[in-house]
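The primary structure of each chain is shown beneath.
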Amino acid sequence: MSTEQQQEQDRQERDRRPDGAGEFAPLVEEVRKFAAAVGVKAVEIGGRLRESNPEVYGHLAAAGGELLAAYRAAVARHERNWSAPQHAEAERVDLDGAAEGPDK
């Protein structure tokens, strides 16, 4: 499937589902268009680079994979910390007064 066909398919899918962007819908659509245009250019440049400098392309592809792996690891750790029942840095405070001060 060509990039243009994929973009058209994506556009049709967006038209079928409700857009939850509300007042930001025009901005969201512009960002989508921009991202699609950047993607098309990246594919074109990547193809030319792959043909003219396959060794450089290989190194960049490996570096991109490593960056993606680092991002995934950071996100996974953040999600684990966020979804943990109790944060490790949290201090338990007894609000019922079970431990009374030295005055009492």
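These numbers were taken from a predicted model, which means no experiment stands behind them. Every chain begins its residue count from 1, and numbering advances along the sequence as written. For this predicted model, a pLDDT threshold of at least 70 governs which residues receive local features, and a threshold of 80 or more governs which side-chain atom pairs are given and counted, while totals over whole chains, interfaces and linings are taken from all residues. Here the side-chain values reflect all heavy atoms present in the structure, with hydrogen atoms and water set aside.

Draft legend 1. Here's a closer look at the overall build of the chain. A run of DSSP states H or I qualifies as a helix once it reaches four residues; a run of E qualifies as a strand once it reaches two. Both are numbered from the N-terminal end. The secondary structure content of the chain amounts to 3 helices and 0 strands. The secondary structure elements of the chain, listed N-terminal to C-terminal, are α-α-α. Think of it in three bands: residues with accessible area under 20% of the maximum for their type are buried, residues over 50% are exposed, and the middle band is partly exposed, with areas taken using a 1.4 Å probe on protein chains only. Buried residues in the chain amount to 3% of all 104 residues. For the chain, the exposed area adds up to about 9600 Å²; of that, 56% sits on carbon and sulfur atoms. Per-residue and other accessible areas were derived by the Shrake-Rupley procedure at a 1.4 Å probe size, with only the shown protein chains allowed to occlude residues.

Draft legend 2. Summary view of the pattern of salt bridges. When a carboxyl oxygen of Asp or Glu is within 4 Å of a side-chain nitrogen of Lys or Arg, the pair counts as a salt bridge. By the definition in use, this model includes 3 salt bridges. Note that E44 is salt-bridged to K41, the shortest N-O span being 3.4 Å. Here K41 and E44 lie together in helix α2 (residues 25-52), a separation of 3 residues that amounts to about one turn. Take E44: its relative accessible area is 36%, and that puts it in the partly exposed class.

Draft legend 3. Layout of the environment of V43. With respect to the helices and strands, the residue V43 is situated in helix α2. For the pair formed by V43 and T3, sequence separation is 40 residues and the distance between their alpha carbons is 9.1 Å.

Draft legend 4. Geometry of the confidence of the model for the chain. Residue-level confidence of the predictor is what pLDDT reports, using numbers from 0 through 100. On average, residues of the chain carry a pLDDT of 80, and 77% of them reach 70 or more. The secondary structure element of the chain with the lowest average pLDDT is helix α1 (residues 3-16), at 71, and the one with the highest is α2, at 90.

Draft legend 5. Layout of the environment of Q6. With respect to the element layout, Q6 can be found in helix α1. Placed 30 residues apart in sequence, Q6 and A36 show a C-alpha to C-alpha distance of 9.9 Å.

Draft legend 6. Fine view of a nonpolar patch on the surface. Patch membership requires over 30% relative accessible area and the absence of a salt bridge. Like charges are linked within 9 Å, and nonpolar side chains (Val, Leu, Ile, Met, Phe, Trp, Tyr) within 5 Å. A cluster of nonpolar side chains, contributed by F24, L27 and V31, occupies part of the molecular surface with about 310 Å² of accessible area. On the secondary structure map, L27 appears in helix α2. Overall, the relative accessible area of 53% leaves L27 in the exposed class.

Draft legend 7. Quick look at the packing of α2 against helix α3 (residues 54-83). Close contact between α2 and α3 brings their axes to 5 Å; oriented N to C, the two are set at 130 degrees. If you check the angle between α2 and α3, you find them oblique. Contact residues: G46, L49, R50, E51 and S52 in α2; P54, V56, Y57 and L60 in α3. When residues are grouped by polarity, Ala, Val, Leu, Ile, Met, Phe, Trp, Tyr, Cys and Pro land in nonpolar, Asp, Glu, Lys and Arg in charged, and all others, Gly among them, in polar. Among the residues making up the contact of α2 with α3, the classes are represented as 5 nonpolar, 2 polar and 2 charged. Between the N-to-C directions of two axes lies an angle of 0 to 180 degrees, each axis being a line fitted to C-alpha atoms and, for a helix, fitted only over the stretch in contact. Roughly parallel means an angle under 35 degrees; roughly antiparallel, over 145; roughly perpendicular, 65 to 115; everything else is oblique. When checking whether two residues touch, look at their non-hydrogen atoms; a contact exists if any pair is within 4.5 Å.

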